[in-house]
Amino acid sequence: MYEKNDDKTSYSLIENMFGDYRKIVGRAPSEVQNIARVHNISATIYMTEDDELISFSLTMDDIGNAEMEKLKKYGEELYELNGKLVCIYILGSTHSKFKATTEIESEAPLLINVSIMKYSSTYDTLRHIESLVENRKKLDREDLFALKMIPSMGPPEDRRNLRIECLKLWKTIIKKGLIK
């Protein structure tokens, strides 16, 4: 069950953070997943409906020239196995830095995309209000105003998801009568 939720979250991040809207049909077979382990890369590899590979990972480390060279070799091995486009997406934490200064060249059709997640206090606010609701605390005007503002305060790529989360939370608040 957790694996399915992780996959759904990964699909959403691949779409929203990297703009890749291809249809993902699921995880690649274990022999493909093992390539990431061999290269000591903690990634999950997905297959699209056209049998192209998407490698997705999260990191808290900085990305430098050595890491980019390692990713190139990893991508080339995935290409040798599959023979189709390989996209490697890496989502860095707010503390990660992209320090690579040299370009990498490869004969294989590779796309390596590193995106650093921007910090937004919006998520802190959402978690705070969610905890109030979970603990059945009554919400005052300020809490309700903050809930209303969350979708517009969040990063553009997450606004739709934030709107949905806030609407679900609002329904729960109304249903449980948690307004002062």
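Below or above, wherever it landed, is the structure these notes cover. (Residues numbered from 1 in each chain as written. Predicted model: local features only at pLDDT ≥ 70, side-chain atom pairs only at ≥ 80, totals over all residues. Heavy atoms only, no water.)

### Focus: the side chain of K72
Here comes step 1: Mapped onto the elements, K72 comes out in helix α3 (residues 65-82).
Here comes step 2: Residue K72 is classed as buried on the basis of its relative accessible area, which comes to 15%.
Here comes step 3: Apart from the residues lying within four places of it in its own chain, the contact partners of K72 are I104, E105, S106, L110 and I112. (Helix = DSSP H or I, 4+ residues; strand = E, 2+ residues; numbered from the N terminus. Buried < 20%, exposed > 50% of the residue type's maximum accessible area, 1.4 Å probe, protein only. Contact = heavy atoms within 4.5 Å.)

### What about the pattern of salt bridges?
It is possible for side chains of opposite charge to pair when their charged atoms get near one another.
Here comes step 1: One pass over the full model with this rule turns up six salt bridges.
Here comes step 2: Between K99 and D62 there is a salt bridge, with the nearest N and O atoms lying 3.2 Å from each other. Of this pair, K99 sits in the loop between β4 (86-92) and β5 (110-116) while D62 sits in the loop between β3 (53-59) and α3; the two residues are 37 residues apart in sequence, bridging distant segments of the chain.
Here comes step 3: On the accessibility criterion, K99 (48% relative accessible area) is partly exposed.
Here comes step 4: Close ionic contact of R127 with D124 constitutes a salt bridge, the shortest N to O distance being 2.8 Å. (Salt bridge = Lys/Arg side-chain N within 4 Å of Asp/Glu carboxyl O.)

### Overview of helix α5 (residues 141-153)
Here comes step 1: In a regular helix each residue adds 1.5 Å, so 13 residues correspond to 18 Å; α5 covers 18 Å between its end C-alpha atoms and thus fits that length.
Here comes step 2: For α5, the principal kink sits at L147 and spans about 25°; a proline, P151, occurs within the next four residues.
Here comes step 3: Along α5, the residues that are buried comprise D143, L144, L147, I150 and P151.
Here comes step 4: Residues of α5 that are buried in the fold lie against α4 (121-134) and α6 (159-176).
Here comes step 5: Measuring from the backbone nitrogen of E142 back to the side-chain oxygen at the start of α5 gives 3.1 Å, which picks out D140 as the cap. (Expected span 1.5 Å × (residues − 1). Bend = angle between axes of the 7 residues up to and from the residue. Polar contact = N/O pair within 3.5 Å; in protein donor to acceptor, adjacent residues only side chain to side chain.)

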